[in-house]
Amino acid sequence: MTKIYHNPACGTSRNTLAMIRNSGDEPTVIEYLQHPPSRGELAKMILDAGLTVREAIRQKGTPYAEFSLDDIALSDEQLLDAMMEHPILINRPFVVTTKGTRLCRPSELVLDILEKPQQGAFTKEDGEVVINAEGQRVAPAN
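The residue numbers shown here count from 1 along each chain, following its written sequence. It should be noted that, the model being predicted, local features are given only for residues of pLDDT at least 70 and side-chain atom pairs only at 80 or more, the latter also being counted only at that level, while totals for whole chains, interfaces and linings use all residues. Heavy atoms from the whole structure form the basis of all side-chain values; hydrogens and water molecules are not counted.

Novice: Please explain the overall build of the chain as it appears in this structure.
Specialist: Runs of E in the DSSP output that reach at least two residues are strands. Runs of H or I that reach at least four are helices, and both are numbered from the N terminus. For the chain, the helix and strand inventory stands at 3 helices and 6 strands. Expressed as a percentage of its 142 residues, the buried residues of the chain come to 43%. Residue contacts are counted whenever heavy atoms from the two residues lie within 4.5 Å of one another. Across the chain, the fraction of contacts at a sequence separation of at least 24, relative to all contacts at a separation of at least 6, is 57%. Here the chain displays about 7500 Å² of accessible surface, and carbon together with sulfur accounts for 51% of that area. Three labels apply to residues, based on accessible area from a 1.4 Å probe with only protein chains included: buried if under 20% of the type maximum, exposed if over 50%, partly exposed otherwise in between. Residue exposure ignores everything except the shown protein chains as possible cover, and the areas themselves are Shrake-Rupley values with a 1.4 Å probe.

Novice: Help me understand helix α2 (residues 39–48) in this model?
Specialist: The α-helix advances 3.6 residues per turn, and as a result positions three or four apart in sequence lie on the same side. When α2 is considered as a whole, its buried residues turn out to be Leu42, Met45 and Ile46. What you see down the axis of α2 is that its buried residues fit within an arc of 100 degrees, all on one side. Opposite its buried face, α2 presents the exposed residues Gly40, Lys44 and Leu47, each directed more than 90 degrees away. Where α2 is buried, its residues contact β1 (3–6), α3 (76–85), β3 (94–97) and β4 (100–103). In the segment just after α2, Gly50 is the residue with positive phi, at about 75 degrees. The arc under discussion is defined with respect to the helix axis, by the directions toward the C-beta atoms.

Novice: Quick question: what am I supposed to make of the pairing of β3 here?
Specialist: Regular strands have side chains that alternate between both faces of the sheet. Note on pairing: DSSP must find at least two bridges between two strands before they are called paired. Looking at chain direction, β1 and β3 are connected through 3 bridges and run antiparallel. Note on β3: the bridge partner recorded for Lys3 is Val96. Where β3 and β4 come together, 4 bridges link them in antiparallel fashion. Each bridged residue has a counterpart across the sheet, and for Val96 the counterpart in β4 is Thr101. Between β3 and β4, which pair antiparallel one after the other, the connecting turn spans 2 residues.

Novice: Even after reading the chapter, I still don't get the nonpolar core, so can you show me in this structure?
Specialist: Within the largest apolar cluster, 20 residues are counted, with the highest numbers of intra-cluster contacts made by Leu42, Ile46, Met83, Leu89 and Phe94. For this core, the secondary-structure elements that each account for two or more residues are α2 and α3. In terms of residue count, α3 provides more of this core than any other element does, 4 residues in total. Throughout, nonpolar core names a set of buried Ala, Val, Leu, Ile, Met, Phe, Trp, Tyr and Cys residues whose side chains join them through atoms within 4.5 Å.

Novice: Quick question: what am I supposed to make of the sheet that holds β1 here?
Specialist: Backbone hydrogen bonds hold the strands of a sheet together, and the pairing may be parallel or antiparallel. The mixed open sheet is built from 4 strands, whose spatial order is β2-β1-β3-β4. Either end of the sheet is taken by a strand with one partner, and the two such strands are β2 (28–31) and β4. Put simply, the sheet's adjacent strands are angled 15 degrees from each other on average, direction ignored. All axes here are fitted lines through C-alpha atoms, helices being fitted over the stretch that makes contact, and every angle between N-to-C directions spans 0 to 180 degrees. Sheet contacts for helix α1 (residues 11–22): β1, β2 and β3; angle to β1, the most-contacted strand, approximately 160 degrees.

Okay, structure coming up:
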């Protein structure tokens, strides 16, 4: 069972969801701004993804600076409090599968935890080809 904590207004989140669907999987889509994870679920996702709480906070387009969340004296508990009170601070998209949990930034990180291979070509919204016609991952252009 695949779950994505999704924001439909986010291109990275839309690309991630599309790659999940390109594998033939129809995930449980949780629009986390309307239905945020519980504090326990959020803490577990962060831990399972191998991140610190600070790494899981979204800065851009959020009240991050306004709330001085860059203050290194703030504890993980205080940061989680802010994320629970203002779900926009939760970075996205988090994806949970039986193979692991990832914060999929960039979106192609989801490929590492999908249960099924890609079924065909996939191009991100910005035109970057990620999967070729044979369903194989394409190396990023440098």
